[in-house]
Amino acid sequence: MRRTVFNEDHEAFRETIRAFIEAEVVPVYDEWFAAGQAPRDFYYKLGELGIFGISVPEEFGGAGMDTHKFEAVLYEETARAGVQFGGSGVHVLLALPYLKMLATDEQKKRFLPKFVSGEEMWAIAMTEPGTGSDLAGMKTTAKLSADGTHYVLNGAKTFITGGVHADKVIVCARTDAPSAEDRRHGISLFAVDTRSEGYSVGRKLDKLGLKTSDTAELAFVDVKVPVEDLLGEENKGFSYLGHNLASERWGIAFGAYAQAKAAVRFAKQYVQERTVFGKPVAHFQNTKFELAACQAEVDAAEAVADRATEALDAGELTPAEAASAKLFCTEVAHRVIDRCLQLHGGYGYMNEYPIARLYADNRVNRIYGGTSEIMKSIIAKDMGL
């Protein structure tokens, strides 16, 4: 079936990204993997390439393209090469939508040019120790000072992707207590400068996968946040968070599909080169059947991912549809990558092979952005169940 989601501009972008990955990432990726993060100067290269400014308005240094299709190409090309761009995905996929939606003109003038260039990398801090997906249970507070010039931020966050290299972090904090009728009331969003006194980065977390993406614990002790750095209105943070969940879950869904597609590519190449009992592994019927079944699942996931991309660009991707795409694509990727690793035999368990890294990287897709169980609950509610 002919794919229609991408046009000539997207394919030209693909060629540029593929060449960039081969020249700038593949030769040093093992070093990043061992270090547990991409180097900070790599993000300047992404800025120079224009990666961060694709959907940023031209007046702030971006290209002003209102589409997620270039991000989709990035997912496919990084997966194809078995690499990641560090924690930069959070910078664009998670942080940018809040800046575009909530920042005032004055804030955009301050924040976006440095966002585009990579001079300031952004992360978002929602999850807290002990709360997990229960964002309404967060305890980090931001209290307005007596003179009304700043908020005083206190609390802690965990699992913050990009937290080590971040220059600015969108922090979710309580500016008011939850009401009896609504536990979600009282949450606000702030653009916090990581150089602020009282702001500290704790442990760089040692994850099962996503090794080149820095993930950290953050702590705030009497951090002063100027009132000019409040994003949106006070106490409306929870509704803002919900507004961007569809695009976040689309990103996870599309990334998972791209990983599954890459896994089939890696396995096909391996079984054609690997010989057992005097024959290439690809000659055995079981190998052919396994890869054929995996390809069929990838084809289905591609259709779901592409349909979700078109709906997201049109502003029509509903929360239930995003949940369905995430559930389906991440579960497909789980099955396909596992079967493709099996075809590698013992070598599939070695980190020198991209399938092993892919296996570990993929596992979190069914957890973050809302677990598979939460996705099922959203879908069931939409069905009237």
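Quick caveat, the model's predicted, so the values are computed rather than measured.

Participant: Sorry if this is basic, but what is going on with the overall build of the protein here?
Facilitator: A count of helical and extended segments in the protein gives 12 helices and 10 strands. Its C-alpha atoms give the protein a radius of gyration of 21 Å, within 12% of the compact-globule value 21 Å for 385 residues. The burial tally for the protein puts 52% of its 385 residues in the buried class. Across the protein, the fraction of contacts at a sequence separation of at least 24, relative to all contacts at a separation of at least 6, is 75%. For the protein, the accessible area works out to roughly 18,100 Å², and carbon and sulfur atoms hold 53% of it.

Participant: Would you explain the pattern of salt bridges in this entry?
Facilitator: Between side chains of opposite charge, a pair can form when the charged atoms approach closely. Enumeration over the complete set of coordinates arrives at 25 salt bridges. Across the salt bridge formed by Asp167 and Arg40, the nearest N and O atoms sit 2.9 Å from each other. Of this pair, Asp167 sits in the loop between β3 (150–161) and β4 (168–174) while Arg40 sits in helix α3 (residues 40–49), and the two are 127 residues apart along the sequence. For Asp167, a relative accessible area of 23% gives the class partly exposed. Residue classification places Arg40 among the buried residues on the basis of a relative accessible area of 18%.

Participant: So what exactly am I meant to see when it comes to the state of the cysteines here?
Facilitator: By definition, a disulfide links two cysteine residues through a covalent bond between their sulfur atoms. Evaluated as defined, the whole model comprises 0 disulfides. Looking at the unpaired Cys294, the closest cysteine sulfur is the one in Cys340, lying at 4.2 Å. Unpaired in this structure, Cys329 has its nearest cysteine sulfur neighbour in Cys294, at a distance of 15 Å.

Participant: Help me out: how do you make sense of the layout of surface pockets in this one?
Facilitator: Left-over empty space is what a probe sized like a water molecule reveals as it rolls over the atoms. The space that makes up the second largest pocket amounts to roughly 520 Å³. Forming the boundary of the second largest pocket are 21 residues, of which His68, Pro97, Asn244, Ser247 and Leu312 lie nearest the centre. Put simply, the parts of the chain that give the lining of the second largest pocket at least two residues each are α5 (88–102), α8 (245–273) and α9 (285–313). It is α5 that contributes the most residues to the lining of the second largest pocket, 6 residues altogether. Classifying every residue of the lining of the second largest pocket gives 9 nonpolar, 7 polar and 5 charged.

Participant: Honestly, a nonpolar patch on the surface in this entry has me stumped. Any pointers?
Facilitator: Together, Tyr347, Tyr349 and Met350 give the surface a local cluster of nonpolar side chains, amounting to about 360 Å² of exposed area. In this fold, Met350 is placed in the loop between α10 (319–343) and α11 (354–362).

Participant: Can you help me understand the packing of aromatic side chains in this one?
Facilitator: Taken as a whole, this structure holds 16 aromatic pairs when the rule is applied. On the numbers, 5.5 Å between centres and 65 degrees between planes, the contact of Phe42 with Phe85 is edge-to-face. Of the two residues, Phe42 sits in helix α3 while Phe85 sits in the loop between α4 (69–81) and α5, which places them 43 residues apart along the sequence. Each member of the pair, Phe42 as well as Phe85, carries the same accessibility label: buried. Aromatic ring contacts, followed pair by pair, group Phe20, Tyr29, Trp32, Phe42, Tyr43 and Phe85 into a single cluster. Its end group placed over the ring of Phe33, Arg357 keeps NZ or CZ at 4.1 Å from the ring centre.

What counts and what doesn't
- Positions within a chain are numbered from 1, following the residues in the order the chain's sequence is written.
- Thresholds applied to this predicted model are a pLDDT of at least 70 for local features of residues and 80 or more for the giving and counting of side-chain atom pairs; totals over whole chains, interfaces and linings are not thresholded and use all residues.
- For the side-chain quantities, the full set of heavy atoms in the structure was used; hydrogens and water were omitted.
- Here a strand is any run of E in DSSP of at least two residues, a helix any run of H or I of at least four, and the numbering for each starts at the N terminus.
- The globule rule used for comparison is 2.2 Å times the number of residues to the exponent 0.38, while the radius of gyration itself is calculated over C-alpha atoms.
- Working definition: with a 1.4 Å probe on protein chains only, accessible area under 20% of the residue-type maximum means buried, over 50% means exposed, and in between means partly exposed.
- Contacts: residue pairs with any heavy atoms within 4.5 Å of one another.
- Here, Shrake-Rupley sampling with a 1.4 Å probe gives the accessible areas, and only protein chains in the shown set may cover a residue.
- What counts as a salt bridge is simple: a side-chain nitrogen of Lys or Arg found within 4 Å of a carboxyl oxygen of Asp or Glu.
- Working definition: a disulfide is two cysteine sulfur atoms within 2.5 Å of each other.
- Site definitions follow a grid-based scheme: protein atoms alone, a 1 Å grid, a 1.4 Å probe that fits but cannot get out for cavities, and for pockets an open set with protein on both sides within 12 Å along at least five of seven lines, plus lining residues having an atom within 4 Å of a point.
- Grid points are joined across faces, edges and corners, and a volume is the space filled by probe spheres set on the points.
- Note on residue categories: nonpolar means Ala, Val, Leu, Ile, Met, Phe, Trp, Tyr, Cys or Pro, charged means Asp, Glu, Lys or Arg, and polar means any other residue, Gly included.
- In this analysis, a patch consists of residues with relative accessible area above 30% that form no salt bridge, clustered at 9 Å for like charges and at 5 Å for the nonpolar side chains Val, Leu, Ile, Met, Phe, Trp and Tyr.
- Pairing of aromatic side chains here covers Phe, Tyr and the six-membered ring of Trp, requires ring centres within 6.5 Å, and sorts the geometry by plane angle: under 30 degrees stacked, over 60 edge-to-face, intermediate tilted.
- In this scheme, Lys NZ or Arg CZ marks a charge over a ring once it lies within 6 Å of the ring centre and within 35 degrees of the ring normal.

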